[in-house]
Amino acid sequence: MSALRPQEKLKPWTDPAAVPYVRIERVTKRFGDFVAVNQVSLDIYKGEAFCLLGPSGCGKTTLLRMLAGFEQPTEGRLFIDGQDMTAIPPYERPVNMMFQSYALFPHMTVVENVGFGLRQDGIPKAEREARVAEILQLVRLTGFDQRKPHQLSGGQRQRVALARSLVKRPKLLLLDEPLGALDKKLREHTQFELINIQETLGVTFVIVTHDQEEAMTLASRIGVMNQGEILQTGTPTDIYEYPTSKYVADFIGSVNMFEGRLVEDEPAHVRIESAELGGTVYVDHGVSSAPDATVWVAVRPEKVRIDRERPDQLDNVFAGTVKEIAYLGDVSRYLVALDSGKLVRVTQPNTDRRDDRVTWEERVWLSWSPSANVVVTQ
Amino acid sequence: MVIVEPVCQRGRDPVVSRPAYLTLGEQFTAALSALLGWGPVRAAQSRLKEWGLTGRVAVTAVPYLWLLVFFLAPFLIVLKISFSSVEIAMPPFAPLVQWASDKVMLVRLNLGNFMFLWEDSLYLSALLNSLKMAAVSTMLALLIGYPMAYGIARSERHWRNILLMLVMLPFWTSFLLRVYAWIGLLGRNSPVNQLLVWLGLIDEPGSLLQTDWAVYIGIVYSYLPFMVLPLYTAIEKLDMTLLEAASDLGCRPTRAFLSITLPLTREGIVAGCMLVFIPATGEFVIPSLLGGPDSLMIGRVLWEEFFNNRDWPVASAVAIVLLLLLVGPIMLFQRAQQAAGGVHR
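Right, let's walk through the structure included here. Being a predicted model, the structure only gives us computed values, none of them experimental.

## Describing the packing of aromatic side chains
Under the defined criterion, the tally for this structure stands at 19 aromatic pairs over all chains. Ring plane angle 15° and centroid distance 6.0 Å describe the contact between Phe71(B) and Phe75(B), whose orientation is recorded as stacked. Within this pair, Phe71(B) and its partner Phe75(B) are both found in helix α3 (residues 55-82), separated by 4 residues, close to a single helical turn. Clustering of aromatic rings is evident, with ring pairs tying together Phe93(B), Phe284(B), Trp303(B), Phe306(B), Phe307(B) and Trp312(B). Its end group placed over the ring of Tyr240(A), Arg300(A) keeps NZ or CZ at 4.0 Å from the ring centre.

Written out as structure tokens, the structure is:
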């Protein structure tokens, strides 16, 4: 019996002996003068659902298309399961892709679409039919066999596209904005189905998305991309709680960012003086930065407490005035102006029914724990 | 007293967002909507609507009526002549309707012309030969036109219009003139022949003129734009990600062309083939000018019946038979196309 706990089993990237399944080695792609992907190196492990997240034009789709074989890297190499794939044409790669537009063949029925890949491999008719039926059942699309794509709804087309890309049992499945064309309700539902299917089949997923919520739900790890580079790779929790740069902190979720400089630099804690906050911040972890360098303290809105009375806490307490309140039912959002004029976003859950909540123009105290903030240096 | 108020304004006027002038198009629209809103016009409009004559019906029905009249009227005249018989007269056929006496109208329907077409093997072989030549030319035009249209549709956007214009460029000179030019190009002393001899590719200059090949070259050359344009439209519409999807699913490029590109551009292929095949079947200028005595085509026979033999009734019969033979299959084909098209649209 394995001594590993489930979480550790699911984290091959923490094991130095683990062999990556997909290896992207210093890959660069240029279109003329434009550098779409710049010196990207990335290891993806078997069974992962790796999400490339970034704004449009950040190079995530180009990276995906290079994995599929539609684009050739200008520099660098790609390996899948130990094999060099750099020069292999798409039709010979053990990789399938689910296209953003689904790219279903309009002149073929559902069965013909799904069976297309198997036919290319010369799989006998009986086996083909059995595998198509099996995969259609998995995506819960039985009874639509003879329909053409234009006779299906958006959600059904998405399922056909998924079935078509899974039926060949690829070593790697590439998904380009898999839920992008679905409406919000259907999206949430489909997200969990995708995870289920991924876990059932054990296929390695590489997902491209610009939607951070989609990335957080689907991914085992996320690679945040901007301007052709991967800024940070980590689990959804790592990316959200421990961003390593201003860009990542700002791109994922909402964040308050305070500029300051290090005044006390100890291995276990630091103090940062910030004019925007009108005081010093105590951070309970060390920071590797030159003394007196400009750094930024990032605090998530839900980690900030809001009180009428000054809380019984020495550090990280600042006074301000409530400027805006948005009551959203489950949570309330506040915009609080500090004395420096800096606006701070605060999100508080409405855990109990009260009528005496803080109100507009009220003086309040904002506070957070020393472990709630993250210091970023770039 | 005059007050002069100096105004000096920079940037955009924050208050007036509407331009003070109207463009020509806006003026036209404004005038039109004013006219349509005017009482009497409105009343007339609603009256017309009661009769089922809306604007949409009017703009489609009028041209259709025009086409119908100018197709049907000549057709009926030709049909009438085809049932007549030759006479040395002006026009050279016997009238169909005669008065035998004051009260008796005599309609003499001469079926002999049609019988003659059947009995004389010349007409049937000319017809079959035309169909064959039209079919071969259509295939050649398709084989040349498809890669051409594909190339244009897949070229960079700013090149496409230039390439399309070059395809249509020959229309700027007369069709007749261009066919005449081929006489010069295909003849024994043509520069092409001289070049081939000079290059040592052929020993002595030969002439393609007055062979079936000259006719094929002429037809393919003249009708190629009619093949390329519908093909271009169909190929340009084709979603390239479908080919990527096919390739991703393990399909090699040749196979992807056969199972994705070709079926999805079928409408363009059909339209292009019809636009070449139909006029090529009745073509008479190209076989007369470029073809030899053996390149017998029904259009040429028809021309000779009319102008050389002055046998209008037989010529008309040829025309009627040709029309019926072409229209019937085309209509059936069209219907089958529509039925098939409805499924995957």
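On we go from here.
## A look at the sheet that holds strand β16 (residues 317-327) of chain A
Residue and element names in this part refer to chain A. In spatial order, the strands read β15-β19-β16-β17-β18; together these 5 strands make up an open sheet with antiparallel pairing. The sheet is open, and its two edges are formed by β15 (305-307) and β18 (343-349), each paired on a single side. With strand direction ignored, the average angle separating the axes of adjacent strands in the sheet is 45°. Across 5 bridges, the pairing between β16 and strand β19 (residues 363-367) is antiparallel. Directly across from Ala319, in β19, lies its bridge partner Trp365.

## Some details on empty space enclosed by the protein
Residue and element names in this part refer to chain A. Taken as a whole, this structure holds 3 cavities of 30 Å³ or more when the rule is applied. Here the largest cavity defines a volume of roughly 60 Å³. Tyr240, Glu241, Pro243, Val255, Ala298, Val299, Arg300, Ala372 and Val374 are the residues that line the largest cavity. For the lining of the largest cavity, the secondary structure elements donating two or more residues are α8 (236-241) and β14 (294-299). Classifying every residue of the lining of the largest cavity by side-chain character gives 7 nonpolar, no polar and 2 charged. Mapping the lining of the largest cavity onto the domain boundaries places at least three of its residues in each of domain 1 (19-246) and domain 2 (256-376). Approximately 40 Å³ is the volume attributed to the second largest cavity.

## Looking at the packing of helix α3 (residues 110-120) of chain A against helix α5 (residues 154-166) of chain A
Residue and element names in this part refer to chain A. Where α3 meets α5, the axes come as close as 7 Å, and the angle between the chain directions of the two elements is 25°. When the axis of α3 is compared with that of α5, the two are roughly parallel. Considering the relative orientation of α3 and α5, their crossing is right-handed. On α5, the residues touching Val110, Asn113 and Val114 of α3 are Val160, Ala163 and Arg164. Looking at the contact of α3 with α5 residue by residue, the class counts come to 4 nonpolar, 1 polar and 1 charged.

## Some points on the interface of chain B and chain A
You'll often see interface size given as the accessible area lost when the parts meet. Chain B puts 20 residues into the contact, and the matching count from chain A is 24 residues. Taking both partners together, chain B and chain A bury about 2,100 Å²; carbon and sulfur atoms supply 57% of that area. Counting the surface chain B buries against chain A, the share from its top three residues, Glu244(B), Asp248(B) and Leu249(B), is 33%. For the interface between chain B and chain A, the tally reads 2 salt bridges. With a shortest N-O distance of 2.9 Å, Glu92(A) and Arg252(B) are connected by a salt bridge. For the interface between chain B and chain A, the tally reads 8 residue pairs in polar contact (both at pLDDT 80 or more). Within the residue set of the side of chain B that touches chain A, elements represented by two or more residues are α10 (240-248), α11 (253-264) and α15 (312-344) of chain B.

## A closer look at helix α7 (residues 175-186) of chain B
Every α-helix carries 3.6 residues per turn, so stepping three or four residues along brings you back to the same face. Residues and elements named next belong to chain B. Its 12 residues place the ends of α7 17 Å apart at the C-alpha level, agreeing with the 16 Å of an ideal helix rising 1.5 Å per residue. Every buried residue belonging to α7 is among Arg178, Val179, Trp182 and Leu186, and all of these are buried. Projected down its long axis, α7 carries its buried residues within an arc of 100°, all on one side. Residues of α7 that are buried sit in contact with α8 (191-198), α9 (212-237) and α13 (285-290).

Definitions and limits used
- Residues numbered from 1 in each chain as written.
- Chains lettered and ligands numbered in written order.
- Predicted model: local features only at pLDDT ≥ 70, side-chain atom pairs only at ≥ 80, totals over all residues.
- Heavy atoms only, no water.
- Phe/Tyr/Trp six-rings, centres within 6.5 Å; stacked < 30°, edge-to-face > 60°.
- Helix = DSSP H or I, 4+ residues; strand = E, 2+ residues; numbered from the N terminus.
- Lys NZ or Arg CZ within 6 Å of the ring centre and 35° of its normal.
- Pairing = 2+ DSSP bridges.
- Axes fitted to C-alpha atoms, helices over the stretch in contact; angles between N-to-C directions.
- 1 Å grid on protein atoms, 1.4 Å probe; cavity = no way out; pocket = protein on both sides within 12 Å on 5 of 7 lines; lining within 4 Å.
- Points joined across faces, edges and corners; volume = space filled by probe spheres on them.
- Nonpolar A, V, L, I, M, F, W, Y, C, P; charged D, E, K, R; others polar.
- Domains from an automatic or database assignment.
- Parallel < 35°, antiparallel > 145°, perpendicular 65-115°, else oblique.
- Left-handed = near helix turned anticlockwise from the far one by under 90°.
- Contact = heavy atoms within 4.5 Å.
- Buried area = accessible area lost by both parts, 1.4 Å probe.
- Salt bridge = Lys/Arg side-chain N within 4 Å of Asp/Glu carboxyl O.
- Polar contact = N/O pair within 3.5 Å; in protein donor to acceptor, adjacent residues only side chain to side chain.
- Expected span 1.5 Å × (residues − 1).
- Buried < 20%, exposed > 50% of the residue type's maximum accessible area, 1.4 Å probe, protein only.
- Arc of directions from axis to C-beta.

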